[in-house]
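A look at the structure
Each chain, written out:
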Amino acid sequence: MFWLLAILAYLLGSLSFAILLSRLTGNPDPRMSGSGNAGATNMLRLAGKKLAVLTLLGDLCKGLLPVLAAGLAGLSVQQQAWVGVYAVIGHLFPLYFRFRGGKGVATAAGMLLGLYPPAALLAIGAWLLTFYLTRTSSLAALIATPLTLPLLAWQEPGALLPMSALTALIVWRHRGNLRDLFAGRERHF
């Protein structure tokens, strides 16, 4: 059951709402414009609030639904978390879009929402506060994601290893943003 759900999570994660919504509305491919990222933040820049919100909700659901399904199937917390990681990997490397996807932050938030809602609320709160103070989405993501690890270690230790691996992957996907942050070139809103 675990591997079936992991494969289905990857396939669901591979649905890029940013790309699909852009195609449906005649907007440019988000991987070719703006920041080059297929995610909600770039959709806000390229296509406006409505499509950005739809992208965000779609990406959240891609992380949430597989974790809920894994929980209903009776998988352990650690297995549920790994299923969620596969959904995020699908978002990062989508099968349907030549393995060029987004950075996984919203999908990871959905995964956390299904796995342990207090960690998701902590991450969302930290993201919102950091974004409000800095107007920098990448910095908000780089602060919010690792911040969940101590809470998970304390309350849901079975989820710590998968979430640590996911945090490392999200930080790695933001490596260009890190370079720009340190050089003072990162985009702000």
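Residues numbered from 1 in each chain as written. Predicted model: local features only at pLDDT ≥ 70, side-chain atom pairs only at ≥ 80, totals over all residues. Heavy atoms only, no water.

The name given to the chain in an unreviewed UniProt entry is Glycerol-3-phosphate acyltransferase, with the source organism recorded as Pseudomonas frederiksbergensis. Per UniProt, the chain carries the Sequence similarities (unreviewed entry) text "Belongs to the PlsY family." Annotation of the chain in UniProt includes, under Subunit (unreviewed entry), the sentence "Probably interacts with PlsX." (UniProt positions renumbered as here; feature names shortened; annotations may be inferred.)

Before going further, it helps to examine the packing of aromatic side chains. Going through the model one piece at a time under the given rule, you end up with four aromatic pairs. Relative to Phe131, the ring of Trp127 lies with its centre 5.0 Å away and its plane at 10°, an arrangement referred to as stacked. Of this pair, Trp127 and Phe131 both sit in helix H7 (residues 117-134), four residues apart, which is roughly one turn of that helix. Overall, Phe131 belongs to the buried group, its relative accessible area being 14%. (Phe/Tyr/Trp six-rings, centres within 6.5 Å; stacked < 30°, edge-to-face > 60°. Helix = DSSP H or I, 4+ residues; strand = E, 2+ residues; numbered from the N terminus. Buried < 20%, exposed > 50% of the residue type's maximum accessible area, 1.4 Å probe, protein only.)

Further remarks concern the side chain of Asn37. As for its placement among the helices and strands, Asn37 is situated in the loop between helix H2 (17-25) and helix H3 (40-47). Contact partners of Asn37, with chain neighbours within four places excluded, come to Pro30, Asn42, Gly101, Gly102 and Lys103. (Contact = heavy atoms within 4.5 Å.)

With that out of the way, let us pick up unusual backbone geometry. Peptide bonds are, in most cases, trans, and in most cases residues other than glycine have a negative phi. Positive phi outside glycine occurs at Arg98, with the angle close to 55°. Note on placement: Arg98 falls in the loop between helix H5 (77-92) and helix H6 (105-115). Looking at Arg98, the relative accessible area reads 74%, which means it is exposed. The backbone of Phe99 shows a phi angle near 60°, a positive value even though the residue is not glycine. Counting through the fold element by element, Phe99 comes out in the loop between H5 and H6.

Now for the nonpolar core. Met111, Leu112, Leu115, Ala119, Leu152, Met163 and Leu166 are the most contacted members of the largest nonpolar core, which totals 22 residues. If you list the elements that add at least two residues to this core, you get H5, H6, H7, helix H8 (137-155) and helix H9 (160-173). Residues Ile19, Leu21, Ala38 and Leu51 belong to the second largest nonpolar core, which totals eight residues. (Core = buried A, V, L, I, M, F, W, Y, C linked by side-chain atoms within 4.5 Å.)

Right, let's get into H2. Buried within H2 we find Ala18, Ile19, Leu21 and Ser22. Its buried side turned inward, H2 meets H3 and helix H4 (49-72). Looking at the residues trailing H2, positive phi occurs at Gly26, about 75°.

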